[in-house]
Amino acid sequence: MSIFTYINEAKLPTFWCSGCGHGVIIKALAQAFDELELPTDKIVIVTGIGCFGRSDDYFMTNALHTLHGRAIAYATGVKIGNPDLTVVALMGDGDASSIGGNHLIHAARRNIGILALCANNRNYGMTGGQYSPTTKQGDKSATSRYGLPEPEFDLAALVKAAGGSFVARSTVFHYHNLVKYLKKGISRSGFSFVEVMEPCPPMYGKFNELGSAPEMIQKIREEVIPLSRWKPDSDRKPIGILCDVDKTSYTDAYDEVIRKAGGKDGN
Ligand code: SF4
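Keep in mind that this is a model prediction, so the values were computed, not measured.

Moving on to the site of the ligand. The ligand sits among Trp16, Cys17, Cys20, His22, Cys51, Asn121, Gly125, Cys200, Pro201 and Pro202. Classifying every residue of the shell around the ligand by side-chain character gives 7 nonpolar, 3 polar and no charged.

What follows concerns the nonpolar core. Counting 34 residues, the largest nonpolar core has Leu29, Phe33, Ile45, Phe59, Leu90, Leu182 and Val194 as its most contacted members. Counting residues per element, the ones that place at least two in this core are helix 1 (22-35), strand 1 (43-47), strand 3 (86-92), strand 4 (115-120), strand 7 (166-171), helix 6 (175-187) and strand 8 (192-197). Ranked by residues supplied to this core, first place goes to helix 1 with 7 residues. Apart from the residues lying within four places of it in its own chain, the contact partners of Leu182 are Ala28, Leu29, Ala32, Leu115, Leu117 and Val194. If you look at the next biggest cluster of nonpolar residues, it comprises 26 residues, including Ala75, Leu85, Ala89 and Cys243.

Once that is clear, we can look at the sheet that holds strand 8. Across the sheet, which stays open at both edges, the 8 strands sit in the order 2-1-3-4-8-7-10-9 with mixed pairing between neighbours. The outermost strands of the open sheet, each flanked by one partner alone, are strand 2 (62-65) and strand 9 (224-226). Each neighbouring strand pair of the sheet contributes to a mean axis angle of 25°, computed without reference to strand direction. Where strand 9 lies against strand 10 (residues 237-244), 3 bridges are found, and the strand directions are parallel.

On the surface, a cluster of nonpolar side chains totalling about 250 Å² of accessible area is made up of Ile80, Tyr254 and Val257. Structurally, Ile80 is set in helix 2 (residues 71-81).

We now examine the environment of Ile26. On the secondary structure map, Ile26 appears in helix 1. Ile26 sits 67 residues away from Asp93 along the chain, and the two C-alpha atoms are 16 Å apart. Filtering out sequence-adjacent residues up to four positions away, Ile26 remains in contact with Ile7, Trp16, Phe52, Ser55, Tyr58 and Phe59.

What follows concerns the pattern of salt bridges. Under the definition given, this model contains 10 salt bridges. One salt-bridge network, held together by shared partners, links Arg122, Lys136, Glu152, Glu223 and Lys237.

Calculation rules
- Residues numbered from 1 in each chain as written.
- Predicted model: local features only at pLDDT ≥ 70, side-chain atom pairs only at ≥ 80, totals over all residues.
- Heavy atoms only, no water.
- Near = heavy atom within 4 Å.
- Nonpolar A, V, L, I, M, F, W, Y, C, P; charged D, E, K, R; others polar.
- Core = buried A, V, L, I, M, F, W, Y, C linked by side-chain atoms within 4.5 Å.
- Buried < 20%, exposed > 50% of the residue type's maximum accessible area, 1.4 Å probe, protein only.
- Helix = DSSP H or I, 4+ residues; strand = E, 2+ residues; numbered from the N terminus.
- Contact = heavy atoms within 4.5 Å.
- Pairing = 2+ DSSP bridges.
- Axes fitted to C-alpha atoms, helices over the stretch in contact; angles between N-to-C directions.
- Patch = residues over 30% accessible without salt bridge, like charges linked within 9 Å, V, L, I, M, F, W, Y side chains within 5 Å.
- Areas by Shrake-Rupley, 256 points an atom, 1.4 Å probe, with all protein chains shown as cover.
- Salt bridge = Lys/Arg side-chain N within 4 Å of Asp/Glu carboxyl O.

Right, dumping it as structure tokens:
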């Protein structure tokens, strides 16, 4: 097998802008599937709307292209319907944390066994670079031309606090670690969240004069620090596995309810 067992080579190159991080992320996900030797018919990619919402076009797996902010809601339904499937919700930062923010925290609280992957480029790229909940305070966007007064959401910390069992953060620069976290997230029975920091050169990069895609990636690299060296007063974000706890997944807890109610395994 290879990553092209999972990625449709005939659809390449992707429609994304030159320098966009999305292609790196879907390659990492395909590599994780490949290294885990997952059958394509047992994987369901669920997407919302936005540039990253087009990811399902490139996968050779089952796919469900849904509504803005609703990828996790659909993914939850798929997982409850067939807990044996590997269900991955792919979302941008606006999709995951603004329109879909409530789905995100409640999926973490329930510990539903899906992998939620958030491609965080700090803005709504597809619609022209408006600010999102993860835009850095003071940064410019199409809707904050003089600098955003709001502080940003720390999505990994949010999901950890809401009860997610596996939470990791990486960047497109730290590719091999990203693959490792995706493999771990897929292998967990509960809710997994992987946040990936990435560049959006023509929107966020343009508004904030961050330079070319390689220059943006270098700046992202300087914004983060491995968890082992991170301190609470650091102005850099920790990367690595931020939470990894073993808890009963929602589908296992739900099976127990069915059993008590005299369902499939009850008497
Ligand atoms: Fe990627 Fe930004 Fe281009 Fe959208 S606008 S494809 S997020 S670089």
